[in-house]
There are 2 protein chains.
Amino acid sequence: MYTLDELAGMTEGSVQSLLFPEEPLKLYLPIKYTLEAGGKRIRPLIALASCGMFNDDATQAVNIAMGIEVFHNFTLLHDDIMDNADIRRGRPTVHKTWDNNTAILSGDAMIIYAYELISKCEPVILGRILNIFNSVAMGVCQGQQYDMDFETSDKVTIPDYMEMIRLKTAVLLAGAAQMGAVAGGASDENSQKMYDFGIALGLGFQLQDDILDTYGDPATFGKNIGGDIDCNKKTFLLIKALETAVKEDKKKLVSLINGRNHDKNEKFQSVKEIYDRCGVKEAARAEIGKYHNQAVAILDSIGVPEEKKSAMREVVKILIKRDR
Amino acid sequence: MYTLDELAGMTEGSVQSLLFPEEPLKLYLPIKYTLEAGGKRIRPLIALASCGMFNDDATQAVNIAMGIEVFHNFTLLHDDIMDNADIRRGRPTVHKTWDNNTAILSGDAMIIYAYELISKCEPVILGRILNIFNSVAMGVCQGQQYDMDFETSDKVTIPDYMEMIRLKTAVLLAGAAQMGAVAGGASDENSQKMYDFGIALGLGFQLQDDILDTYGDPATFGKNIGGDIDCNKKTFLLIKALETAVKEDKKKLVSLINGRNHDKNEKFQSVKEIYDRCGVKEAARAEIGKYHNQAVAILDSIGVPEEKKSAMREVVKILIKRDR
């Protein structure tokens, strides 16, 4: 069995060992720049922890884990162009450091590189792994499209939002858990359970992130607090508030969203007061609790020795209770 | 055995039969728009013709052929953003019809869709097919990077240029020929020969395209004549002219490239006159002849009945002698 620290060390070491051709420099330098910037490495960690549940050798999933991490970093690189984001992980984004064309092409190369890594798995599982990865990768693109569509829609419901974050965030965590399990030799039934586990984990994780963006501690959150409110992002909190606020609050909320001349800090405080009156934080917490319990119940149901699950139980704690 | 027309019909029918999810509309509509716009479908045709050389059933390669065509169309979609191109195949480009973000994300989805199609090949060849496709796909990205690098370099040599077009254009044709052969059950030796065949074919094809861009008949070329000269593209013709022109001509050529206020048509005529005096068209023709002979010699060396090669011989004639 592995401790979470051992798996985290294995993950980081593997990322740092990824090799790239020297040339063309401008294709590979932005990829190295992106990958070396860190991040939480959650997805490869999930793949390794899942593999370790079913196999004494978690390195069976290391190429898959790296492929998933490279793919995730590709999504950040292209999303940052689409969002015109300046900063990622405390450093200028690729399209700001170089230019849009470089970011587009390096991102494209990262998708292919992700497939190269995924393709290194044992030939006997290659077909199953690819089916999972293809479906997950396409799901992430669909999720990104829905996220962009929602920016200009005023009819986004909570179920719409949950489906968007299922695709944009949860399926890649789920794919990591399922592919790790397959690489570890899990049965079809157990690898499907690990996928469902990853979906619950991913949904809880994203809702947690929504709460932290408004209510988090700036010292520990890592992103600026209030970014979602500032850009009127249709999160669980905002959609729920629009659905449940009393007439006066709803009117005020709509005017805060549509207005252009609000002071950023005043707007943040005003929206937060409405959120508080609607109890949207508690509503989100209740949902998170639901997904947390689902994830734990799935782990409980898998017939492997309890000590093999301990690293994954740690992952759940880190992802779903991050502010406590 | 198949005639070229039969293979072309199979190709077009398969492209038209590709299925996409209904939602999200804005992700899949640009993909359909791109694929239905036509083009010559050279790459899938090569995959099917190559498969048909080694197998009575060319449909063995049809999913691979479609994956290659989808991948090729992805490269056009993203290249058009990078080049800020307005028109493709007589219609507004995707990023002009929708916007850059749509073109980026739909292109990303096309890479994944290409892998989905490729992954449908027979499981027993999946590993070999993926190795070829991964390598080819990365090569195309490298070629595109070199092409962009060359725009701002004044030290591009003929060998640099040949390496760039090998990556940007030839490897995908070569991969199509090799993967088609593998799908048809060719030996490793023969499938490697088909790769080498595709490289020679691709290099000859691109040099032919360079000539046609300056010397072609506007009625049959399909693109505007003179586009390369207008944007100072470092083609075989320009690089060769810069290397071989007499002092006065070289000075004039450099001033035509660096000047900004030249009349487009006058510039085209002046550059063409220098090209004519340097004999760069004939130099390119000699290179094309060399690659043509290489491609034919490889076909000759493959031990399958001559009638099985006839469709591929037609492909060679179409691609390398297009203006005669």
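Each value, and the rule that gives it
Residue positions are counted from 1 within each chain, in the order its sequence is given. Labels are handed out in written order, letters beginning with A for the chains and numbers beginning with 1 for the ligands. Totals for whole chains, interfaces and linings use all residues, but because this is a predicted model, local features are given only for residues with pLDDT of at least 70 and pairs of side-chain atoms are given and counted only at 80 or more. For the side-chain quantities, the full set of heavy atoms in the structure was used; hydrogens and water were omitted. Strands here are runs of E lasting at least two residues and helices are runs of H or I lasting at least four, both read from the DSSP assignment and numbered beginning at the N terminus. With C-alpha atoms as the basis for the radius of gyration, the globule rule is written as 2.2 Å multiplied by the number of residues raised to the power 0.38. Relative accessibility under 20% of the residue-type maximum defines a buried residue, over 50% an exposed one, and the middle range a partly exposed one, all with a 1.4 Å probe and only protein chains included. Throughout, a residue-residue contact means that at least one pair of heavy atoms, one from each residue, lies within 4.5 Å. Only the protein chains shown count as cover for residues, and the accessible areas themselves come from Shrake-Rupley with a 1.4 Å probe. Asp and Glu count as negative and Lys and Arg as positive, but His and the ends of the chain are not part of the count. By convention, the charge on Lys lies at NZ, on Arg at CZ, on Asp at CG and on Glu at CD. Expected helix span is given by 1.5 Å per residue-to-residue step, counting one fewer step than there are residues. By arc we mean the arc of the directions from the helix axis to the C-beta atoms, nothing more. Only residues with pLDDT of at least 70 in both copies contribute their C-alpha atoms to the least-squares superposition of the copies. Once two parts are put together, the accessible area they lose, assessed with a 1.4 Å probe and summed over both, is termed the buried area. Any carboxyl oxygen of Asp or Glu within 4 Å of a side-chain nitrogen of Lys or Arg constitutes a salt bridge here. Counting of polar contacts relies on pairs of N or O atoms within 3.5 Å, with two restrictions inside protein: one atom must be capable of donating a hydrogen and the other of accepting it, and residues adjacent in sequence are counted only when both atoms are side-chain atoms. In this classification, Asp, Glu, Lys and Arg are treated as charged, Ala, Val, Leu, Ile, Met, Phe, Trp, Tyr, Cys and Pro as nonpolar, and every other residue, Gly included, as polar.

### A short note on the overall build of chain A
For chain A, the helix and strand inventory stands at 16 helices and two strands. Taken over C-alpha atoms, the radius of gyration comes to 20 Å for chain A, in line with the 20 Å a tight globule of 324 residues would show. Sorting the 324 residues of chain A into buried and exposed places 57% on the buried side. Counting only contacts in chain A whose residues sit at least 6 apart along the sequence, the fraction spanning at least 24 positions is 73%. Looking at chain A as shown, the accessible area adds up to about 13600 Å², and 49% of this sits on carbon and sulfur atoms. In chain A, 38 positive and 46 negative side-chain charges are present, and the distance between their average locations comes to 4 Å.

### A closer look at the side chain of Thr214 of chain A
Residues and elements named next belong to chain A. Position of Thr214 among the secondary structure elements: in helix H9 (residues 188–215). When its relative accessible area of 2% is taken as the criterion, Thr214 is described as buried. Aside from chain neighbours lying at most four places away, what touches Thr214 is Ile225, Ile229, Leu237, Phe268, Lys272 and Tyr275.

### Considering helix H15 (residues 280–301) of chain B
Residues and elements named next belong to chain B. Over its 22 residues, H15 extends 32 Å from the first C-alpha to the last, a length consistent with the 32 Å expected when each residue adds 1.5 Å. Among the residues of H15, those classed as buried are Val280, Ala284, Ile288, Tyr291, His292, Ala295, Ile298 and Leu299. Buried residues in H15, looked at end-on, bunch into an arc of 125°, giving them a common side. Turned more than 90 degrees away from the buried face of H15, the exposed residues are Glu282, Ala286 and Asn293. Tucked inside the fold, the buried residues of H15 contact helix H3 (42–54), helix H8 (158–183), helix H9 (188–215), helix H12 (236–244), helix H14 (264–278) and helix H16 (306–320).

### Focus on the relation of the copies chain B and chain A
Rotating chain B by 180° and moving it 0.0 Å along the rotation axis overlays it on chain A with an RMSD of 0.0 Å. The operation mapping one copy onto its partner corresponds to a two-fold rotation axis. The residues that chain B uses at the interface reappear at the interface of chain A in 100% of cases, marking a shared surface.

### Brief notes about the interface of chain B and chain A
A common way to report how large an interface is uses the accessible area buried once the components associate. In this assembly, 35 residues from chain B lie in contact with 35 residues from chain A. Together chain B and chain A conceal approximately 3300 Å² of surface at their shared face, both sides included; 71% is due to carbon and sulfur atoms. Across the chain B-chain A interface, the total number found is zero salt bridges. Taken together, chain B and chain A are joined by eight residue pairs in polar contact (both at pLDDT 80 or more). When contributions to the side of chain B that touches chain A are tallied by element, the ones reaching two or more residues are helix H2 (25–36), helix H4 (62–82), helix H6 (100–118) and helix H7 (123–151) of chain B. Per-element tally for the side of chain B that touches chain A: the top contributor is H7 of chain B, with 13 residues. The class makeup of the residues in the side of chain B that touches chain A is 22 nonpolar, eight polar and five charged.

### Here we look at the pattern of salt bridges
Residue and element names in this part refer to chain A. Tallying each qualifying case throughout the model produces 36 salt bridges over all chains. For Arg91, the salt bridge goes to Glu36, with nearest N and O atoms at 3.9 Å. With Arg91 in strand E2 (residues 91–92) and Glu36 in helix H2 (residues 25–36), this residue pair connects regions lying 55 residues apart in the sequence. Given a relative accessible area of 25%, Arg91 falls into the partly exposed group. The salt bridge partner of Lys193 is Glu189, with a shortest N-O separation of 3.9 Å.

### Considerations on the side chain of Asp80 of chain B
Residue and element names in this part refer to chain B. Take Asp80: it is sitting in helix H4. Overall, the relative accessible area of 6% leaves Asp80 in the buried class. Setting aside residues no more than four positions away along its own chain, Asp80 makes contact with Ala85, Arg88, Thr93 and His95.

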